[in-house]
Amino acid sequence: MVKKTTAKDGDHVVTMREVAKAAGVSIKTVSNVVNDYEFVSDATRAKVHKAIDELGYVINVSARNLRRGSTGIIALAIPDLQLPYFAQLSSLIITEAKKLGLRVIVEPTLYSREGELDALHGSQTAMVDGLIYSPLELGPDDAAEVEVDYPLVLIGERIFTDKVDHIATENVEGAKRATSYLLQTGCQRVAVVGVHPGEEVGSAALRFRGYREALEEAGVPFDPALVVLSIMWHRNDGVAAMNTLLDSGVRPDGVVALNDMLASGVMHSIQMHNLRIPEDISVIGFDNSDDSQYLSPALTSIAPGLEAVARLSVRALKNRIDGQPPLEGDSTDPVFRKVSSTLVVRNSTRVI
């Protein structure tokens, strides 16, 4: 016997996701049943209603009616507003949304799987017209989670699915470009800082792959001693990672940091070890954050094209809200676009 836990009980509000799991169907199917859509078999409809009754799921009629209308508000779910990458991306998305007459609610998910799932399935989703979604904790096995009953555009590299619109960046290509540039400037021992142990998808894994590909193409042997792990990508993590590398006696002549915050910490560590940038060790970051040009020396970095990510993701979402094809053309099929990256050369690297 399943205990009913409704909003009246005060301890838990049952979500559509829980109903879908109990009924053995998708969230989209539950939504179709709740909204009395056609083309749902009687057997499936009965399973969903049985799960609703057993769990005590309460349909929010006012929220459902609101979604059928339009609020002029979209949501943006991102991991962390303190990282310059996400702060800059949020600002750009807000600017693009304003051009199209939309307001944006920003919801930091704080590196939490629960927070990312709540951003997808929580009751607040009924109060917005659509969602731009950047997960870090969900992975390939969670692809079904993003098949929701409202307009959604996926950004980032944690989940790849052909079921929803997706705007991605050149992580492999960008890191490969950064590593190749260091090799072309004469670096022979290039370290990489910020690798996530065991990760197979996501920005860290893809950027590490680009690093490996550049070494292989240049005929430079891969040295595991030059790979520095760091789960988080803040400035203090870059300091700690580079301190660990240099204090171990390993001496690179170039560093690819997997984001600019790590790179700024790496540079601080190098200078605290009385080494010069770029004469002793060159440093390249990734993201081309606003602060990178003001570091000393100014940081060479990969610009991932966030302006294009913001423009395309907002446009695709607005078109979905309006019932139009997501981007150019007549097809209403989900789109996948990868935005080009560029290398911005400054003073933290030697000149070719």
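Coordinates for the structure precede this section.
Below: a short report on this structure. On a predicted model such as this, the values are computed, not experimentally measured, just so you know. (Residues numbered from 1 in each chain as written. Predicted model: local features only at pLDDT ≥ 70, side-chain atom pairs only at ≥ 80, totals over all residues. Heavy atoms only, no water.)

**Quick word on the layout of surface pockets**
Stage number 1. Roughly 560 Å³ of internal volume is contained in the second largest pocket.
Stage number 2. Looking at the lining of the second largest pocket residue by residue, the class counts come to 16 nonpolar, nine polar and six charged. (1 Å grid on protein atoms, 1.4 Å probe; cavity = no way out; pocket = protein on both sides within 12 Å on 5 of 7 lines; lining within 4 Å. Points joined across faces, edges and corners; volume = space filled by probe spheres on them. Nonpolar A, V, L, I, M, F, W, Y, C, P; charged D, E, K, R; others polar.)

**Notes on empty space enclosed by the protein**
Stage number 1. Across all of its chains, the model carries two cavities of 30 Å³ or more by this definition.
Stage number 2. Put simply, the largest cavity is a space of about 50 Å³.
Stage number 3. Lining the largest cavity are Pro84, Arg235, Asp260, Met261, Ser264, Ser289, Asp291, Ser292 and Leu295.
Stage number 4. If you tally residues by element for the lining of the largest cavity, the top one is helix α10 (residues 260-272), at three residues.
Stage number 5. A per-class count over the lining of the largest cavity returns three nonpolar, three polar and three charged.
Stage number 6. In this structure, the second largest cavity encloses a volume near 50 Å³.
Stage number 7. As for the second largest cavity, its lining consists of Leu83, Pro84, Tyr85, Asn259, Asp260, Met261, Asp287 and Ser289.
Stage number 8. Counting residues per element, the ones that place at least two in the lining of the second largest cavity are α5 (84-99) and α10.
Stage number 9. Class assignment of the residues belonging to the lining of the second largest cavity gives a composition of four nonpolar, two polar and two charged. (Helix = DSSP H or I, 4+ residues; strand = E, 2+ residues; numbered from the N terminus.)

**Some points on the side chain of Glu96**
Stage number 1. Following the sequence through the fold, Glu96 ends up in helix α5.
Stage number 2. Relative accessible area serves as the criterion here: at 16%, Glu96 is assigned to the buried category. (Buried < 20%, exposed > 50% of the residue type's maximum accessible area, 1.4 Å probe, protein only.)

**Points about the nonpolar core**
Stage number 1. Counting 41 residues, the largest nonpolar core has Met242, Leu258, Ile270 and Val283 as the members making the most contacts within it.
Stage number 2. Breaking this core down by element, the ones donating at least two residues are α7 (171-184), β6 (190-195), α8 (203-218), β7 (227-229), α9 (235-247), β8 (254-257), α10 and β9 (282-286).
Stage number 3. Apart from residues lying up to four places away in sequence, Met242 is in contact with Pro252, Val255, Val266, Ser269, Ile270 and Ile281.
Stage number 4. Among the nonpolar cores identified, the runner-up in size contains 26 residues, and Ile74, Val153, Ala316 and Val339 belong to it. (Core = buried A, V, L, I, M, F, W, Y, C linked by side-chain atoms within 4.5 Å. Contact = heavy atoms within 4.5 Å.)

**Digging into the pairing of strand β5 (residues 165-169)**
Stage number 1. When you tally the buried positions in β5, you get five out of five residues, the bulk of the element.
Stage number 2. Note that strand β4 (residues 152-155) and β5 share three bridges and pair parallel. Of the residues in β5, the one forming a bridge with Leu154 is His166.
Stage number 3. Two strands pair when backbone bridges link them, and β5 and strand β11 (residues 336-339) are joined in this way by four bridges, in the parallel orientation. For Ile167, the partnering residue across the bridge sits in β11 and is Arg337. (Pairing = 2+ DSSP bridges.)

**Description of the sheet that holds β6**
Stage number 1. Ordered by their spatial adjacency, six strands build an open sheet running β7-β6-β8-β9-β10-β12, and the pairing between neighbours is mixed. Since the sheet does not close on itself, it has two edges, and those belong to β7 and β12 (342-344), each with one partner. Here the average twist between neighbouring strands, direction ignored, is 20°.
Stage number 2. Sheet topology places β9 next to strand β10 (residues 300-303); three bridges connect them, and they run parallel. (Axes fitted to C-alpha atoms, helices over the stretch in contact; angles between N-to-C directions.)

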